[in-house]
Amino acid sequence: TRRRTGEALRAFHTAIRSSPGSSRSQAMKEQAQGTMLKVLTSFKSSEIEQAVNSLDRNGVDLLMKYIYKGFEKPTENSSAILLQWHEKALAVGGLGSIIRVLTARKTV
Amino acid sequence: GIDWAPESNRLVTCGTDRNAYVWTLKGNVWKPTLVILRINRAARCVKWSPKENKFAVGSGSRLISICYFEQENDWWVCKHIKKPIRSTVLSLDWHPNNVLLAAGSCDFKCRIFSAYIKEVEERPSPTPWGSKMPFGELMFESSSSCGWVHSICFSASGSRVAWVSHDSTLCLADAGKKMAVASLCTETLPLLAVTFITENSLVAAGHDCCPMLFTYEESQGTLSFGGKLDVPKQSSQRGLTARERFQNLDKKASSDMANASLDTLHKNSISQISVLAGGKDKCSQFCTTGMDGGMSIWDVKSLESALKDLKIK
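This text gives an overview of the structure that appears in the document. Small disclaimer: the values here were computed from a predicted structure and weren't measured.

1. Focus on the overall build of chain B
Helix and strand counts for chain B stand at two helices and 23 strands. For 313 residues, the compact-globule estimate of 2.2 N^0.38 gives 20 Å, and chain B sits close to it at 21 Å. Taking contacts inside chain B between residues at least 6 apart in sequence as the whole, the part at least 24 apart equals 47%. A total of about 15,700 Å² of accessible surface is found on chain B, and carbon and sulfur atoms cover 51% of it. Separation of charge centres in chain B, based on 37 positive and 31 negative side chains, amounts to 3 Å.

2. A look at the packing of aromatic side chains
The geometry of an aromatic ring pair comes down to the distance between the two centres and the angle between the two planes. A full pass over the atoms with the stated rule returns 14 aromatic pairs over all chains. Consider the rings of phenylalanine 43 of chain A and tryptophan 85 of chain A, whose centres lie 5.0 Å apart with planes at 75°: the pair is edge-to-face. Of the two residues, phenylalanine 43 of chain A is situated in the loop between helix 2 (26-41) and helix 3 (45-53) and tryptophan 85 of chain A in helix 5 (residues 78-103); the sequence distance between them amounts to 42 residues. For the pair shown, phenylalanine 43 of chain A and tryptophan 85 of chain A are each scored as buried. Here the aromatic residues Trp48, Phe55, Phe69 and Trp76 of chain B are joined through ring pairs into a cluster of three or more. Taking the ring centre of phenylalanine 135 of chain B as reference, the NZ or CZ of lysine 79 of chain B above it sits at 5.2 Å.

3. Notes on the pattern of salt bridges
Residue and element names in this part refer to chain B. All chains considered together, the criterion is met by 13 salt bridges over all chains. The partner of glutamate 141 in a salt bridge is arginine 111, with the nearest N and O atoms 2.7 Å apart. Here glutamate 141, found in strand 12 (residues 138-141), pairs with arginine 111, found in strand 11 (residues 110-114); they are 30 residues apart in sequence, far enough to count as distant. Assessed through its relative accessible area of 3%, arginine 111 is described here as buried.

4. Side note on the interface of chain B and chain A
Counting from both sides, the interface comprises 12 residues of chain B and, opposite them, 12 residues of chain A. Carbon and sulfur atoms supply 60% of the area that chain B and chain A bury against each other, a total of about 910 Å² over both sides. The largest contributions to the chain B side of the interface with chain A come from Cys146, Cys185 and Glu187 of chain B, which together make up 51% of the buried area. For the interface between chain B and chain A, the tally reads one salt bridge. Ionic pairing is found between glutamate 187 of chain B and arginine 57 of chain A, a salt bridge with its closest N-O pair at 3.0 Å. Where chain B meets chain A, there are eight residue pairs in polar contact (both at pLDDT 80 or more).

5. Some details on the packing of helix 2 of chain A against helix 4 (residues 57-72) of chain A
Residue and element names in this part refer to chain A. One way to put it is that helix 2 packs onto helix 4 with a least axis distance of 10 Å and a crossing angle of 95°. Taken together, the axes of helix 2 and helix 4 are roughly perpendicular relative to one another. Taken together, the residues of helix 4 that come into contact with helix 2 (itself represented by Ala32, Gln33, Met36, Leu37 and Leu40) are Leu63, Tyr66, Lys69 and Gly70. Looking at the contact of helix 2 with helix 4, its residues break down into six nonpolar, two polar and one charged.

6. A look at the nonpolar core
The tendency in soluble globular proteins is for nonpolar side chains to be buried side by side. One finds Phe12, Ile16, Leu40, Phe43, Leu63, Ile67 and Trp85 of chain A to be the most contacted residues of the largest nonpolar core, which totals 27 residues. For this core, the elements supplying multiple residues, two or more each, are helix 1 (2-17), helix 2, helix 3, helix 4 and helix 5 of chain A. The residues contacting tryptophan 85 of chain A, other than those within four sequence positions of it, are Phe12, Leu40, Phe43, Ile48, Ala51, Val52, Leu63 and Ile67 of chain A. Counting 18 residues, the second largest nonpolar core, distinct from the first, contains Val99, Trp163, Ala173 and Ala175 of chain B.

7. Considerations on a positive patch on the surface
Together, Arg18, Arg38, Arg41, Arg62, Lys82 and Lys83 of chain B give the surface a local cluster of positive charge. Relative to the helices and strands, arginine 38 of chain B resides in the loop between strand 4 (29-36) and strand 5 (43-48).

8. Regarding helix 2 of chain A
Residue and element names in this part refer to chain A. The end-to-end C-alpha separation of helix 2 is 22 Å, in line with the 22 Å expected for 16 residues at 1.5 Å each. All of the buried residues along helix 2 are Lys29, Ala32, Gln33, Met36, Leu37, Val39 and Leu40. Down the axis of helix 2, the smallest arc covering the buried residues is 160°, so these residues share one side. The exposed residues of helix 2 that point more than 90 degrees off its buried face are Ala27, Gln31 and Lys38.

9. Here we look at the pairing of strand 10 (residues 100-105) of chain B
Walk down a regular strand and you will see the side chains alternate between the two sheet faces. Residue and element names in this part refer to chain B. Most of strand 10 sits out of view: six of its six residues are buried. Here strand 10 shows no split at all, with Leu100, Ala102 and Gly104 on one side and Leu101, Ala103 and Ser105 on the other all buried. Of the pairings in the sheet, the one linking strand 9 (residues 89-94) to strand 10 comprises five bridges and is antiparallel in character. Of the residues in strand 10, the one forming a bridge with leucine 92 is alanine 103.

Cut-offs applied
- All residue numbers here refer to positions counted from 1 along the written sequence of the relevant chain.
- A letter from A marks each chain and a number from 1 marks each ligand, given out in the order of writing.
- Whole-chain, interface and lining totals are the exception, using all residues; otherwise, since this is a predicted model, local features are given only for residues with pLDDT of at least 70 and side-chain atom pairs are given and counted only at 80 or more.
- The basis for every side-chain value is the complete set of heavy atoms in the structure, and neither hydrogens nor water enter the calculation.
- Secondary structure elements are taken from DSSP: a helix is a run of H or I of four residues or more, a strand is a run of E of two residues or more, and numbering for both begins at the N terminus.
- In this setup the radius of gyration rests on C-alpha atoms only. A globule is expected at 2.2 Å times the number of residues raised to 0.38.
- By the convention used here, residues are in contact when the closest approach between their heavy atoms is within 4.5 Å.
- Accessible surface area values rest on a Shrake-Rupley calculation with a 1.4 Å probe, where residue burial reflects the displayed protein chains alone.
- Counted as positive: Lys and Arg. Counted as negative: Asp and Glu, with His and the chain ends omitted from the count.
- The atom standing in for a charge is NZ when the residue is Lys, CZ when it is Arg, CG when it is Asp and CD when it is Glu.
- Stacked, edge-to-face and tilted are the three classes for Phe, Tyr and Trp ring pairs, Trp counted by its six-membered ring, which pair at centre distances within 6.5 Å; planes under 30 degrees apart are stacked, over 60 edge-to-face, the rest tilted.
- For each residue, the accessible area found with a 1.4 Å probe, counting protein chains only, is set against the maximum for its type, and the residue is called buried under 20%, exposed over 50%, and partly exposed in between.
- Charge-over-ring contacts are defined here by two conditions on Lys NZ or Arg CZ: a distance within 6 Å of the ring centre and an angle within 35 degrees of the ring normal.
- We count a salt bridge whenever a side-chain nitrogen from Lys or Arg sits within 4 Å of a carboxyl oxygen from Asp or Glu.
- Accessible area that two parts lose when put together, evaluated with a 1.4 Å probe and summed over both, is termed the buried area.
- The definition of a polar contact used here is a pair of N or O atoms within 3.5 Å, where within protein one atom must be able to donate a hydrogen and the other to accept one, and adjacent residues in sequence count solely through side-chain atom pairs.
- Axis geometry follows a simple rule: fit a line to the C-alpha atoms, using only the stretch in contact for helices, then measure angles between N-to-C directions, giving values from 0 to 180 degrees.
- Orientation labels follow simple angle bins: below 35 degrees gives roughly parallel, above 145 gives roughly antiparallel, 65 to 115 gives roughly perpendicular, and whatever is left gives oblique.
- Throughout, the ten residues Ala, Val, Leu, Ile, Met, Phe, Trp, Tyr, Cys and Pro are labelled nonpolar, Asp, Glu, Lys and Arg are labelled charged, and all others, Gly among them, are labelled polar.
- Among the buried residues, those of types Ala, Val, Leu, Ile, Met, Phe, Trp, Tyr and Cys that are joined through side-chain atoms within 4.5 Å form a nonpolar core.
- Any residue with relative accessible area above 30% and no salt bridge may belong to a patch, with like charges joined within 9 Å and the nonpolar Val, Leu, Ile, Met, Phe, Trp and Tyr side chains within 5 Å.
- Given a helix with a known number of residues, its expected span is that number minus one, times 1.5 Å.
- Taking the helix axis as origin, the arc is that swept by the directions to the C-beta atoms.
- Two strands make a pair as long as DSSP finds a minimum of two bridges between them.

This is the structure we're talking about:
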């Protein structure tokens with residue numbers, strides 16, 4: 001339903017905005033990763049593209065970092081939805097966004 | 001590394017043997033003169049200064065050797081710029097005032113140093129990068145990139161410097177805006193070479209094997225992607241034979257039509273871009289060389305007429 005989509009989208013933006021950034025606390029980072037993974041897996045496939053298009057360049061780079069973090073610690077069925085997120089994020093961010101996941105000094 | 005001094009027609013080369021040679025033409029033979037760089041790692045890059053009375057060498061010794069000719073001893077000597085470089089210097093470019101030198105390094109930073117040598121030149125007048133320029137003075141240091149700085153370039157006026165790094169970003173520092181740095185996270189693979197072609201336009205290329213245009217919008221302090229410059233002509237799509245389809249299925253697990261070879265002119269990464277004509281402010285021709293051993297010359301006017309969306313400011 002449209003209401004549920006709106007909530008998922010809002011949760012997504014909140015998770016992106018409140019990413020710990022330069023925080024060094026491992027606990028904080030893991031909490032953020034967990035939250036982000038929950039939000040990403042709660043999306044329906046058809047809603048992903050809209051969510052990705054609502055991000056700016058930095059947002060797409062951050063999303064890509066979380067996607068790869070999600071790949072690192074797979075849960076039941078998480079990789080399938082993450083791969084769909086990856087496809088949409090790649091279409092917008094290009095290979096450059098993946099390069100920046102690999103070269104980043106500050107990880108998520 | 002190698003560089004040519006067009007006015008005095010001399011070459012300078014530097015190598016992994018930790019030496020540099022200045023080559024002068026005697027008749028039709030090039031005669032080398034050894035220059036001791038006093039480094040204990042490979043030399044990576046070398047550039048003649050605009051007045052051709054000095055050259056700078058970047059090396060794995062984490063320093064820059066500034067070399068000049070000492071008349072009394074008939075010998076090239078060098079001074080070192082060390083602080084605060086923390087890793088290999090990959091690229092160098094001189095400011096038109098013959099004193100300031102930009103250096104890109106593997107420690108992710110772009111820096112501008114003074115390479116003022118009192119033995120060969122007058123004290124420089126103030127520039128937007130600063131007024132006091134004793135030898136080795138750090139005039140600017142970047143903080144934004146997270147990748148090795150592969151290439152660095154001053155604009156023709158010297159008031160802007162641009163660099164590309166391995167995290168697929170292009171950055172530009174504008175001394176006219178208090179050294180504000182504009183950066184662009186590109187969608188491409190890392191760029192390896194960059195040059196200004198006007199005061200606001202840059203051409204960069206790298207692992208995508210294709211030169212690309214970037215534009216600096218001074219009023220907003222932003223960089224934007226202006227388009228690829230190597231647009232292959234539409235080749236006719238011929239159908240796949242049944243045999244080719246089966247081979248694709250066998251090799252790649254897909255009977256996709258996608259071409260495995262590159263459509264671009266260069267078939268491997270472009271490692272260098274050189275301005276051939278028009279200077280960095282009104283470039284009319286530039287040259288790209290790549291790891292495919294190819295060298296291509298690009299004509300700016302032809303590109304502008306062929307690629308209708310291209311806007312070079």
